[in-house]
Amino acid sequence: MYSIGNRVEWLQGPGANCAKTGPVAPRPWHLVLLGPPGVGKGTQAEKIIGEFGACHLSTGDVFRYAARDTSGQAPSPAMATALAAMKRGELVSDNTVVELVRERAGCLACQYGFLLDGFPRTLEQAHALNGILASVERKLDAAINYFAPEPLIIERLSGRRVCKQCRTGYHVANKPPRVAGRCDACGGELFQRDDDKPEAIRTRLQAYAATCNPVLEYYRRQGLLREIEASGDPEAVFAHTRAVIEKLDPVARR
Ligand code: AP5
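Definitions and limits used
Residues numbered from 1 in each chain as written. Predicted model: local features only at pLDDT ≥ 70, side-chain atom pairs only at ≥ 80, totals over all residues. Heavy atoms only, no water. Buried < 20%, exposed > 50% of the residue type's maximum accessible area, 1.4 Å probe, protein only. Helix = DSSP H or I, 4+ residues; strand = E, 2+ residues; numbered from the N terminus. Pairing = 2+ DSSP bridges. Domains from an automatic or database assignment. Buried area = accessible area lost by both parts, 1.4 Å probe. Salt bridge = Lys/Arg side-chain N within 4 Å of Asp/Glu carboxyl O. Polar contact = N/O pair within 3.5 Å; in protein donor to acceptor, adjacent residues only side chain to side chain. Nonpolar A, V, L, I, M, F, W, Y, C, P; charged D, E, K, R; others polar. Contact = heavy atoms within 4.5 Å. Axes fitted to C-alpha atoms, helices over the stretch in contact; angles between N-to-C directions. Parallel < 35°, antiparallel > 145°, perpendicular 65-115°, else oblique. Left-handed = near helix turned anticlockwise from the far one by under 90°. Phe/Tyr/Trp six-rings, centres within 6.5 Å; stacked < 30°, edge-to-face > 60°. Lys NZ or Arg CZ within 6 Å of the ring centre and 35° of its normal. Expected span 1.5 Å × (residues − 1). Bend = angle between axes of the 7 residues up to and from the residue.

1. Comments concerning the pairing of strand β3 (residues 113–117)
Here is step 1 of the chain: With five of its five residues buried, β3 lies for the most part within the structure.
Here is step 2 of the chain: Burial along β3 is two-sided: Gly113, Leu115 and Asp117 and Phe114 and Leu116, pointing in opposite directions, are all buried.
Here is step 3 of the chain: Across five bridges, strand β1 (residues 29–34) lies against β3 in parallel orientation. Bridge pairing in β3 places His30 opposite Phe114.
Here is step 4 of the chain: Sheet topology note: the strand β2 (residues 55–58)/β3 ladder contains four bridges and is parallel. In the sheet register, Ser58 faces β3, and the bridge partner there is Asp117.

Below, the structure is given as structure tokens:
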């Protein structure tokens, strides 16, 4: 069982040093997780890490970290624009997101491997990722695309709650905390993300629909795309995910 690293370098940018103390998997994975908002990418990422190792690198987490920065410093103009777009459920500009990932290229070269979640979201970002990976001499093993019917996705997003302190995720019906409104792990208060409110959910789903197909096609043409139906419960979806990863490299089976 592998544990999730502290991802300090990913969240704070270059200059911050991750505590790299956990065991390194015999086979570091380099995976992209694709799929609509709320389909369960983050939920599957936690399970993949536990079984196969790798660091969960979510671009959304970088923005959320910047949004709650307690240093008292105002965000840069580019970051302020990005955070406003995110709150409305819109995509952040390609330039901003690509620059943010490029600055963190060291995380993609890390010995633990990576699960990129939320990037790339556009064809431009997919091309940029290709270049960034080449610059650190890494190659993708696969792009795993999760899909599910839209009503189910809306139900997952609108019921999601997150701990203000430790960021553990819950769902009011599918994964409720033991005490309503309180985190099981640390007792922190649970809240609803701004972009999980109805208007922003609609905008996010529209943004996804407008940009996803060229990205899927890009990875399909390279033979990297793997598709997983994500309607089942998290364990059932993970059974499919595990089978897909093991098939990528049977030697890596633990
Ligand atoms: P980001 O943070 O990437 O959000 P997202 O893609 O919208 O995905 P989510 O994190 O909302 O959902 P998820 O698929 O991880 O689902 P989860 O596992 O939490 O991006 C946020 C914003 O940042 C974007 O809108 C944009 O503004 C900006 N941004 C980020 N990257 C960008 C980029 N590259 N370009 C431009 N802009 C970018 O699950 C959801 C809920 O469902 C949870 O409550 C969970 O418990 C529950 N659940 C999960 N799986 C199951 C299951 N199998 N059964 C039942 N319940 C389940």
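2. Here we look at the domain arrangement of the protein chain
Here is step 1 of the chain: Looking at the protein chain, the domain boundaries give domain 1 (8–148 + 209–252) and domain 2 (149–196).
Here is step 2 of the chain: Of the roughly 1,000 Å² buried where domain 1 meets domain 2, counting both sides, 51% is carbon and sulfur surface.
Here is step 3 of the chain: In this structure, the connection of domain 1 to domain 2 is made through zero salt bridges.
Here is step 4 of the chain: Run the count over domain 1 and domain 2 and you get four residue pairs in polar contact (both at pLDDT 80 or more).
Here is step 5 of the chain: Among the residues making up the side of domain 1 that touches domain 2, the classes are represented as six nonpolar, three polar and four charged.

3. So, the sheet that holds strand β6 (residues 169–171)
Here is step 1 of the chain: Taking strand neighbours across the sheet as the criterion, the three strands line up as β6-β5-β7 in an open arrangement whose pairing is antiparallel. On the outer flanks of this sheet lie β6 and β7 (190–191), each paired with one strand and no other.
Here is step 2 of the chain: In this structure, strand β5 (residues 160–163) lies alongside β7, joined through two bridges in antiparallel fashion. Looking across to β7, one finds that Val162 is bridged to Phe191.
Here is step 3 of the chain: Running over the sheet, helix α8 (residues 150–159) touches β5 and β6 and is turned about 35 degrees from β5.

4. Structural notes on the packing of α8 against helix α9 (residues 198–221)
Here is step 1 of the chain: The N-to-C vectors of α8 and α9 enclose an angle of 135 degrees; their axes lie 11 Å apart at closest approach. Considered as vectors, α8 and α9 are oriented oblique to each other. The handedness of the crossing between α8 and α9 is right-handed. Two secondary-structure elements touch here, α8 through Glu150, Ile153, Ile154, Leu157 and Ser158 and α9 through Ile201, Arg204 and Leu205.
Here is step 2 of the chain: Among the residues making up the contact of α8 with α9, the classes are represented as five nonpolar, one polar and two charged.

5. Focus on the packing of aromatic side chains
Here is step 1 of the chain: As enumerated under the stated definition, the model contains two aromatic pairs in all.
Here is step 2 of the chain: Geometrically, the ring pair formed by Tyr218 and Tyr219 is edge-to-face, given 5.1 Å between the ring centres and 75 degrees between the ring planes. Of the two residues, Tyr218 and Tyr219, both sit in the buried class.
Here is step 3 of the chain: We note Arg27 situated over the ring of Trp29; from NZ or CZ to the ring centre the distance is 4.0 Å.

6. Details of α9
Here is step 1 of the chain: End to end, α9 covers 35 Å across 24 residues, agreeing with the expected 34 Å (1.5 Å per residue, within 8%).
Here is step 2 of the chain: Along its length, α9 shows its largest kink, about 40 degrees, at Cys212, and proline Pro214 lies within four residues downstream of that point.

7. A look at the pattern of salt bridges
Here is step 1 of the chain: Summed over the entire model, instances satisfying the criterion amount to 19 salt bridges.
Here is step 2 of the chain: Here Asp249 ties to Arg27 by a salt bridge, and the two come within 2.9 Å at their closest N and O atoms. Of this pair, Asp249 sits in the segment after α10 (234–248) while Arg27 is found in the loop between α1 (8–12) and β1, placing the two residues 222 residues apart along the sequence.
Here is step 3 of the chain: With a relative accessible area of 18%, Asp249 lands in the buried category.
Here is step 4 of the chain: Judged by its relative accessible area of 21%, Arg27 falls in the partly exposed class.
Here is step 5 of the chain: Within the structure, one salt-bridge network assembled from shared partners comprises Arg160, Arg193, Asp195, Asp196 and Arg204.

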